[in-house]
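# Working through the structure, step by step
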Amino acid sequence: MQKPKRILILGPESTGKSTLAEDLAHHFGEPWVPEFAREYLEKIDRPYRFEDLVEIGKGQVLLEDQQAEKAKNFLFCDTDLRVIHIWSEHRFGKTDPWVLGEINRRTYDLILLTDTDLPWEPDPLREYPELEMRQYFFEKYLKLAQESGFPFWTVSGNQEERVKMALKALGKIESQS
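Quantities reported herein were computed from a predicted structural model and do not represent experimental measurements. (Residues numbered from 1 in each chain as written. Predicted model: local features only at pLDDT ≥ 70, side-chain atom pairs only at ≥ 80, totals over all residues. Heavy atoms only, no water.)

## Observations concerning the side chain of Glu30
Quick note on the threshold: Starting at the N terminus, helices and strands are each numbered in turn, a helix being any DSSP run of H or I of at least four residues and a strand any DSSP run of E of at least two. Polar contacts, as counted here, are pairs of nitrogen or oxygen atoms within 3.5 Å of one another; within protein the pair requires one atom able to donate a hydrogen and one able to accept it, and residues that are adjacent in sequence qualify only if both atoms are side-chain atoms. Contacts are assigned to residue pairs that have any heavy atoms within 4.5 Å of one another.
In this structure, Glu30 sits in the loop between helix H1 (17-28) and strand E2 (32-33). Polar contacts involving the side chain of Glu30 include one to the main-chain amide nitrogen of Asn73, which spans 2.6 Å. Reaching out from Glu30, the side chain makes a polar contact with the backbone nitrogen of Phe74 at a distance of 3.3 Å. For Glu30, the contacting residues outside a window of four places in its chain are Ala25, Ala71, Lys72, Asn73, Phe74 and Phe76.

## Here we look at the environment of Trp153
Keep this limit in mind: Remark: exposure states derive from per-residue accessible area (1.4 Å probe, protein chains only) relative to the maximum for the residue type, with buried under 20%, exposed over 50%, and partly exposed in between.
For Trp153, the position within the fold is in strand E5 (residues 152-155). Since its relative accessible area comes to 24%, Trp153 is described here as partly exposed. Residues Trp153 and Val33, 120 residues apart in the sequence, show an inter-C-alpha distance of 19 Å. Residues within four places of Trp153 in sequence aside, it is in contact with Leu110, Ile111, Leu112, Leu113, Met165, Lys168, Ala169 and Lys172.

## Details of the environment of Leu131
For Leu131, the location among the structural elements is in helix H6 (residues 131-148). For Leu131, a relative accessible area of 48% puts it in the partly exposed group.

## What about the packing of helix H2 (residues 36-43) against helix H3 (residues 50-70)?
Convention followed: Fitted lines through C-alpha atoms serve as axes, helices being fitted only where they are in contact, and the angles separating the N-to-C directions of these axes extend from 0 to 180 degrees. Each angle is binned into one of four classes, with values under 35 degrees roughly parallel, values over 145 roughly antiparallel, values of 65 to 115 roughly perpendicular, and all other values oblique. Two helices crossing with the near one rotated counterclockwise from the far one by less than a right angle form a left-handed crossing, whereas a clockwise rotation gives a right-handed crossing. Nonpolar residues are Ala, Val, Leu, Ile, Met, Phe, Trp, Tyr, Cys and Pro. Charged residues are Asp, Glu, Lys and Arg, and all others, Gly as well, are polar.
As a packed pair, H2 and H3 sit with axes 9 Å apart at the nearest point and diverge in direction by 135°. The angle between the axes of H2 and H3 places the two elements in the oblique class. Crossing of H2 over H3 shows right-handed handedness. Residues Phe36, Ala37, Tyr40 and Leu41 of H2 lie in contact with H3, whose contacting residues are Asp52, Glu55, Ile56, Gly59, Gln60 and Leu63. Here the contact of H2 with H3 is composed, by residue class, of six nonpolar, two polar and two charged.

## Some thoughts on the pairing of strand E4 (residues 110-114)
As a reminder of what qualifies: Strands are treated as partners if at least two bridges between them are detected by DSSP.
Most of E4 is tucked away, with five of its five residues classed as buried. In the sheet, strand E1 (residues 5-10) pairs with E4 via four bridges, with the strands oriented parallel. Paired with Ile7 across the bridge in E4 is Leu110. Sheet topology note: the E4/E5 ladder contains four bridges and is parallel. Its bridge partner lying in E5, Leu112 is registered against Trp153.

Pasting the structure below:
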């Protein structure tokens, strides 16, 4: 049995990652992996700490692997440990070695990098509404995508345009396999 292609959707806060993951999953009739951090942070009744980021990472990996069991051709991942790494470095100036090891171990067939051109949507779990900060984080994610060795494609525009761009990128990786 062939493993499904894992598609990572990566980008700053409020750039349409969850929407794109859900749209693509619906289009292909495949599962998607929601962001575990949201569920985790809603349950704790305090600001997150450095140690929480490893727990969030472990939950994200477990959720991704569980959803992969249900996938046939594609698994759409709304985030991965790169987000934990970026936030950990930004907030605490360090990243847990487990997170870094898992980043190096896990593979993706394509990264869809979401641009900052969507309007900010307020959410109690989001921290940086300023376009400058969103662009700052976009540059961090772009660098990680470039260093990953995985094919990546930046998607921008409205929801429909992003889906079209993503489908075009998926078509390219499909034609190469």
